[in-house]
Each structure stands twice: as C-alpha cells, then as structure tokens.
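Secondary and tertiary structure notes
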Amino acid sequence: MAVEDECKLKFLELKAKRNYRFIIFKIEGQQVVVEKLGSPEESYEDFTNSLPSDECRYAVFDFDFTTNENCQKSKIFFIAWSPDTSKVRMKMVYASSKDRFKRELDGIQVELQATDPSEMSFDIIKARAL
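Here we summarise the structure given alongside this text. (Residues numbered from 1 in each chain as written. Predicted model: local features only at pLDDT ≥ 70, side-chain atom pairs only at ≥ 80, totals over all residues. Heavy atoms only, no water.)

The next thing to look at is the overall build of the protein. Tallying secondary structure elements over the protein gives 4 helices and 6 strands in all. Ordered by position in the sequence, the α and β elements of the protein form the string β-α-β-β-α-β-β-α-β-α. The principal-axis extent of the C-alpha atoms belonging to the protein is close to 45 × 30 × 25 Å. The proportion of buried residues among the 130 residues of the protein is 40%. Restricting to contacts in the protein with at least 6 residues of sequence separation, those with at least 24 account for 62%. Summed over its atoms, the accessible surface of the protein is roughly 7100 Å², and 47% of this surface lies on carbon and sulfur atoms. For the protein, the distance from the average position of its 20 positive side-chain charges to the average position of its 23 negative side-chain charges is 4 Å. (Helix = DSSP H or I, 4+ residues; strand = E, 2+ residues; numbered from the N terminus. Buried < 20%, exposed > 50% of the residue type's maximum accessible area, 1.4 Å probe, protein only. Contact = heavy atoms within 4.5 Å. Areas by Shrake-Rupley, 256 points an atom, 1.4 Å probe, with all protein chains shown as cover. Lys, Arg positive; Asp, Glu negative; His and termini not counted. Charge placed at Lys NZ, Arg CZ, Asp CG, Glu CD.)

With that settled, the discussion passes to the pattern of salt bridges. Summed over all chains, the structure comprises 12 salt bridges. Between Asp 62 and Arg 18 there is a salt bridge, with the nearest N and O atoms lying 3.0 Å from each other. With a gap of 44 residues between them, Asp 62 in strand S4 (residues 57-66) and Arg 18 in the loop between helix H1 (5-17) and strand S2 (22-28) connect regions that are remote in the sequence. With its nearest N and O atoms 2.8 Å apart, the salt bridge here joins Glu 111 to Lys 98. Taken together, the residues Glu 111 in strand S6 (residues 110-114) and Lys 98 in helix H3 (residues 88-104) connect sequence positions 13 residues apart. On the accessibility criterion, Glu 111 (26% relative accessible area) is partly exposed. (Salt bridge = Lys/Arg side-chain N within 4 Å of Asp/Glu carboxyl O.)

A few words on the packing of aromatic side chains. This model, assessed by the stated rule, comprises 14 aromatic pairs. Joined through ring pairs, the aromatic side chains of Phe 22, Tyr 44, Phe 47, Phe 61, Phe 63, Phe 65, Phe 77 and Phe 122 make up one cluster. (Phe/Tyr/Trp six-rings, centres within 6.5 Å; stacked < 30°, edge-to-face > 60°.)

Here we take up the sheet that holds S4. On the basis of which strands lie adjacent, the open sheet formed by 6 strands has the order S1-S3-S2-S4-S5-S6 and mixed pairing. Whereas interior strands pair on both sides, the edge strands pair on one side only; in this sheet they are strand S1 (2-3) and S6. Relative to strand S3 (residues 31-38), H1 is tilted by about 35°, and along the sheet it contacts S1, S2, S3, S4 and strand S5 (72-81). (Pairing = 2+ DSSP bridges. Axes fitted to C-alpha atoms, helices over the stretch in contact; angles between N-to-C directions.)

The next point concerns the nonpolar core. In terms of nonpolar packing, the biggest core is built from 19 residues, with Phe 25, Val 32, Tyr 58, Val 60 and Phe 101 touching the most fellow members. Taken together, the elements giving at least two residues each to this core come down to H1, S2, S3, S4, S5 and H3. Those residues in contact with Phe 25 that sit more than four places away from it in its chain are Cys 7, Val 32, Val 33, Val 34, Glu 35, Arg 57, Tyr 58, Ala 59, Val 60, Phe 101 and Leu 105. Listed in part, the 18 residues of the second largest apolar core include Ile 24, Val 110, Met 120 and Ala 129. (Core = buried A, V, L, I, M, F, W, Y, C linked by side-chain atoms within 4.5 Å.)

Here you go:
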C-alpha cells in the first residue's frame, strides 16, 4: 500500500504549524490519499460528522484540552474508523494497511479504533488524552 506524499506533508503541517484541526484519509486504488482537511476553527463534532457512516477511513485529530492542573495541552490522535456497516473487504484492506500507514505519520500520541460513533465520543477522547 503506497502513501501519497501529500498525506505526510499535511500531517507535518498539522503537527508543526497547527494549520488543521483534523485530516481524514482514505484508500483509493492502491494508495492512501487525503480526503478532507479540517480548519483549526472546526470542532470535534465537525470532525465526526465528516466520517462516512458506511465506509472505513483513517483520521488524525489534534485535540486541545486543559489538564486537572489547568495546563493547556494538545495530543494528536490517530483514529481507525471501521464502521460495522462497511463492506468486509474494505475493513480487511484498512486493517491490514493501518500499521504501515501509521508508521509514516511520525508524532501520533494516541491511537483509537472505532466501529461506531459511541466508541469515539468526545468523553472517550478526553479520557484517553489525560
């Protein structure tokens, strides 16, 4: 599975310059490509609404939060979205390519696997970040 250079470049921009709140990636043909870029003003809800309900995707989300000690922090989440309603073949392709793709993105801090929206609710993201 090839990874388009744009995937790595946009991820570096999210990580270093914080140009994006999130990036959604999809497998097209035999390579991973950028499907959508979320602007820094977009919310977690905007992000979850951008994921298709019946197709797999990879996503990166830059989560800003405040710790119990009142410190502003940020963590970069890698989310493997694999809804139950997606085709079995698609789930297999995404599952088998995930680790290789994730290695291309240097700086992922938390990984999450979700098969329905409840598995990646805002509360779960916040709990995993702390």
